[in-house]
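Structural overview for review
Below are the chains, spelled out letter by letter.
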Amino acid sequence: MYIHWDKSYEIGNPLIDTEHRLLIMLFRKLDVAIKSAEPEATIMRILLEVKKFADFHFTSEENLMHEVGYPDTAAHEEIHSALLAQLEVMIGRVSKKREMPDDLLYFPNEWILQHIAQEDQKIADFARFSEHRPIGEFTYPEYI
């Protein structure tokens, strides 16, 4: 199993696409740490980094949904809450040594393939034709 960025994951919003690349980079960092047998303390620090970044990213994505008037925002927010809860369970299992770190690699891959590649694409499809534009969209090229 190899965690990597693929251009097909892009949703067409430069801010969200950049955050997705960073999130997948953190998943890749976790992948490398596990495969190179880094200490569990290192893996825990990376998991906490993933959690904090995912929480930040979900806020950005939820703001985008509100800005463009995405009709399924509430359902998508529930998916975000469920992903964060699953991540918290993974962190708990590692901290209590009830799960081998190798098992952690399945979760990020599912996150990428199910959430980014499928659920987030629904937002992209809606946003492309929405009469409402993301706030500050014109500033993206200056910063990203």
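Everything numeric in this text was worked out from a predicted model, so none of it was measured. As a convention, each chain's residues are numbered from 1 in the sequence order in which they are written. Only residues with pLDDT of at least 70 are given local features in this predicted model, and only at 80 or more are side-chain atom pairs given and counted; all residues enter the totals for whole chains, interfaces and linings. The side-chain figures draw on all heavy atoms in the structure; neither hydrogens nor water molecules are used.

1. Brief notes about the packing of helix α3 (residues 73-95) against helix α4 (residues 106-129)
Running from amino to carboxyl end, α3 crosses α4 at an angle of 170°, the nearest separation of the two axes being 12 Å. Considered as vectors, α3 and α4 are oriented roughly antiparallel to each other. Within the contact between the two elements, α3 uses H76, I79, H80, L83, Q86, L87 and M90 and α4 uses F107, W111, H115, E119, D120 and I123. Residue polarity is assigned by list, with Asp, Glu, Lys and Arg as charged and Ala, Val, Leu, Ile, Met, Phe, Trp, Tyr, Cys and Pro as nonpolar; anything else, Gly included, falls into the polar class. Residue classes in the contact of α3 with α4 are distributed as seven nonpolar, four polar and two charged. Geometry is summarised by axes, namely lines fitted to C-alpha atoms with helices restricted to the contacting stretch, and by angles between N-to-C directions that run from 0 to 180 degrees. Secondary structure is summarised from DSSP: a helix means a run of H or I of at least four residues, a strand means a run of E of at least two, and numbering begins at the N terminus for each. Should an angle lie under 35 degrees it is considered roughly parallel, over 145 roughly antiparallel, and from 65 to 115 roughly perpendicular; all remaining angles are considered oblique. It only takes one pair of heavy atoms within 4.5 Å for two residues to be counted as in contact.

2. Digging into the environment of T59
Tracing the backbone shows T59 in helix α2 (residues 40-68). Here the term buried applies to any residue with accessible area under 20% of the maximum for its type, exposed to any over 50%, and partly exposed to those in between, with areas from a 1.4 Å probe on protein chains only. Judged by its relative accessible area of 41%, T59 is partly exposed. For the pair T59 and S81, spaced 22 residues apart in sequence, the C-alpha to C-alpha distance is 11 Å.

3. Overview of a nonpolar patch on the surface
Residues forming no salt bridge and having over 30% relative accessible area are the ones grouped into patches, like charges within 9 Å of each other and nonpolar side chains (Val, Leu, Ile, Met, Phe, Trp, Tyr) within 5 Å. Note on areas: Shrake-Rupley with a 1.4 Å probe; residue coverage comes only from the protein chains shown. Think of a salt bridge as a Lys or Arg side-chain nitrogen and an Asp or Glu carboxyl oxygen that are within 4 Å of each other. On the surface, L15, Y143 and I144 cluster together into a nonpolar patch covering about 320 Å² of accessible area. Tracing the chain through its elements places L15 in helix α1 (residues 14-35).

4. A word on the confidence of the model for the protein chain
What pLDDT conveys is the predictor's confidence in a given residue, as a value from 0 to 100. Scored by pLDDT, the protein chain has a mean of 91; 95% of the residues are at 70 or more. Model confidence for the protein chain, summarised as mean pLDDT per element, is weakest for α4 at 90 and strongest for α2 at 96.

5. Let's talk about the nonpolar core
In this description, a nonpolar core means a group of buried Ala, Val, Leu, Ile, Met, Phe, Trp, Tyr and Cys residues linked to one another through side-chain atoms lying within 4.5 Å. Membership of the largest hydrophobic core comes to 28 residues, with the highest contact counts inside it found for L23, F27, L47 and W111. Going through the elements one at a time, α1, α2, α3 and α4 are the ones with two or more residues in this core. Here this core takes eight residues from α2, the largest share from any one element. Not counting the four nearest positions on each side in its chain, L23 is found in contact with V50, F53, A54, W111 and I116. Counting residues in hydrophobic clusters, the runner-up holds nine residues, among them I11, L64, M65 and A127.

6. Some words on α1
One less than the residue count of a helix, multiplied by 1.5 Å, gives the span that helix is expected to have. Between its first and last C-alpha, α1 extends 31 Å over 22 residues, near the 32 Å set by a 1.5 Å rise per residue. Along α1, the residues that are buried comprise I16, D17, E19, H20, L23, I24, L26, F27, L30, D31, A33 and I34. Elements that come into contact with the buried residues of α1 comprise α2 and α4. Where α1 begins, the capping side chain belongs to N13, and its oxygen is found 3.1 Å from the backbone nitrogen of L15. Once α1 ends, the next one or two residues include A37, with phi positive near 55°. As used in this structure description, the phrase polar contact means that two N or O atoms lie within 3.5 Å; if the pair is within protein, one of them must be able to donate a hydrogen and the other to accept it, and residues adjacent in sequence are counted only when both atoms belong to side chains.

7. Some points on the environment of L104
Among the secondary structure elements, L104 is positioned in the loop between α3 and α4. The spatial distance from the C-alpha of L104 to the C-alpha of L87 is 9.5 Å, given a sequence separation of 17 residues.

8. Digging into unusual backbone geometry
Glycine aside, the phi torsion of most residues is negative, and most peptide linkages are trans. Residue A37 is not a glycine yet carries a positive backbone phi of 55°. Checked against the element boundaries, A37 lands in the loop between α1 and α2. With relative accessibility at 65%, the residue A37 sits in the exposed group.

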